[in-house]
Structure formats: structure tokens, C-alpha cells
Amino acid sequence: QVQLVESGGGLVQAGGSLRLSCAASGRTSIRYAMAWFRQAPGKEREFVVTVNWSGDSAYYTDSVKGRFTISRDNAKNTVYLQMNSLKPEDTAVYYCAAGLYYNALGIPGQYIYWGQGTPVTVSS
């Protein structure tokens, strides 16, 4: 079992920045790929980005490329999402997820563990 806890969400003006964190605990010895998803009110959960275990490869959805950066510190069992140049359309609850497979498919079902989410609101 792995427990994921997100933090760092909040209210920010358009153009601002936030840094989300996802702390993992439990069975962290397994080399999980990590991902961030988001879900806006009334919409389906959307893939944002995934990173491989070593942190040297990532896939981003097109809408966040050049604005968001994922990183991980395996020594701290923590994944980060640096979000810059935020837009109102980035408003959503952001979820951290862990899975065994690293690919660009962005399918929620391939991730085993999920956090409870942290809300991000970007005002115009």
C-alpha cells in the first residue's frame, strides 16, 4: 500500500504560480511512475503530466507544456508540480497518482494509488 498526500493548492491570480507537492508513504520501495491529474467542476478527470521513476523523463499534456514542470525527490518520496503562468482554465482539483507503468497514455485506470487532491483556483 502507498499513501499519497497532496499539498500546495490555493487561490492565485492569473499569471501567478503555485507549487504542488505529493508526499508518498508506505511501500515506497517500488519504483512507481508518478502523475498529476486534475478535475474541474463538471468535467472528467484529465491527465496533466507523468514522470518516470528516475525523474529524467516526463510527458505533459499539450495545454500545460512550457508552463508546468514535474520533478521528484525519491529520497524524500515526494513529487512536485511547479505551475507557472496559471490561467483560469487551470482551475481544478489536482490529484497525485502512482502506477507501475510509465507511458504517455494518461489513462487514470493504470494508476494504482491516488491522493485525495488539492484544489487550485485561478482568478481572472
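What comes next concerns the included structure. None of the values given here were measured: they were computed from a predicted structure.

### Points about the nonpolar core
Note on soluble globular proteins: their nonpolar side chains tend to be buried together.
Inference 1: Core analysis: the largest hydrophobic core is formed by 27 residues, its most contacted members being L4, M34, W36, F68, L81, M83 and Y94.
Inference 2: Listing elements by their share of this core, those giving two or more residues are strand 1 (2-7), strand 3 (18-26), strand 4 (33-39), strand 5 (46-51), strand 7 (68-73), strand 8 (78-83), strand 9 (92-99) and strand 11 (118-123).
Inference 3: A35, F37, F47 and Y111 belong to the second largest nonpolar core, which has five residues in total.

### Concerning the pairing of strand 7
Successive residues of a regular strand alternate their side chains across the two faces of the sheet.
Inference 1: Of the two faces of strand 7, only one is covered, namely that formed by F68, I70 and R72; the face formed by T69, S71 and D73 stays uncovered.
Inference 2: In the sheet, strand 7 pairs with strand 8 via six bridges, with the strands oriented antiparallel. When the bridges of strand 8 are listed, T69 appears paired with Q82.
Inference 3: Connecting the antiparallel pair strand 7 and strand 8 is a turn made up of four residues, with N77 showing a positive phi of about 55°.

### As for the packing of aromatic side chains
Inference 1: Applying the stated rule across the entire model yields six aromatic pairs.
Inference 2: For the ring pair Y32 and Y113, a centre distance of 5.9 Å and an interplane angle of 90° mean the geometry is edge-to-face. Here Y32, found in the loop between strand 3 and strand 4, pairs with Y113, found in strand 10 (residues 111-114); they are 81 residues apart in sequence, far enough to count as distant.
Inference 3: For the ring pair F37 and F47, a centre distance of 5.6 Å and an interplane angle of 75° mean the geometry is edge-to-face. On the criterion of sequence distance, the pair formed by F37 in strand 4 and F47 in strand 5 is long-range, its members being ten residues apart.
Inference 4: Taking the relative accessible area as the measure of exposure, F37 reaches 0% and is therefore buried.
Inference 5: With relative accessibility at 12%, the residue F47 sits in the buried group.
Inference 6: Among the aromatic residues, ring-to-ring pairing joins F37, F47, Y111 and W114 into one connected group.

Calculation notes
- Residues numbered from 1 in each chain as written.
- Predicted model: local features only at pLDDT ≥ 70, side-chain atom pairs only at ≥ 80, totals over all residues.
- Heavy atoms only, no water.
- Core = buried A, V, L, I, M, F, W, Y, C linked by side-chain atoms within 4.5 Å.
- Buried < 20%, exposed > 50% of the residue type's maximum accessible area, 1.4 Å probe, protein only.
- Helix = DSSP H or I, 4+ residues; strand = E, 2+ residues; numbered from the N terminus.
- Pairing = 2+ DSSP bridges.
- Phe/Tyr/Trp six-rings, centres within 6.5 Å; stacked < 30°, edge-to-face > 60°.

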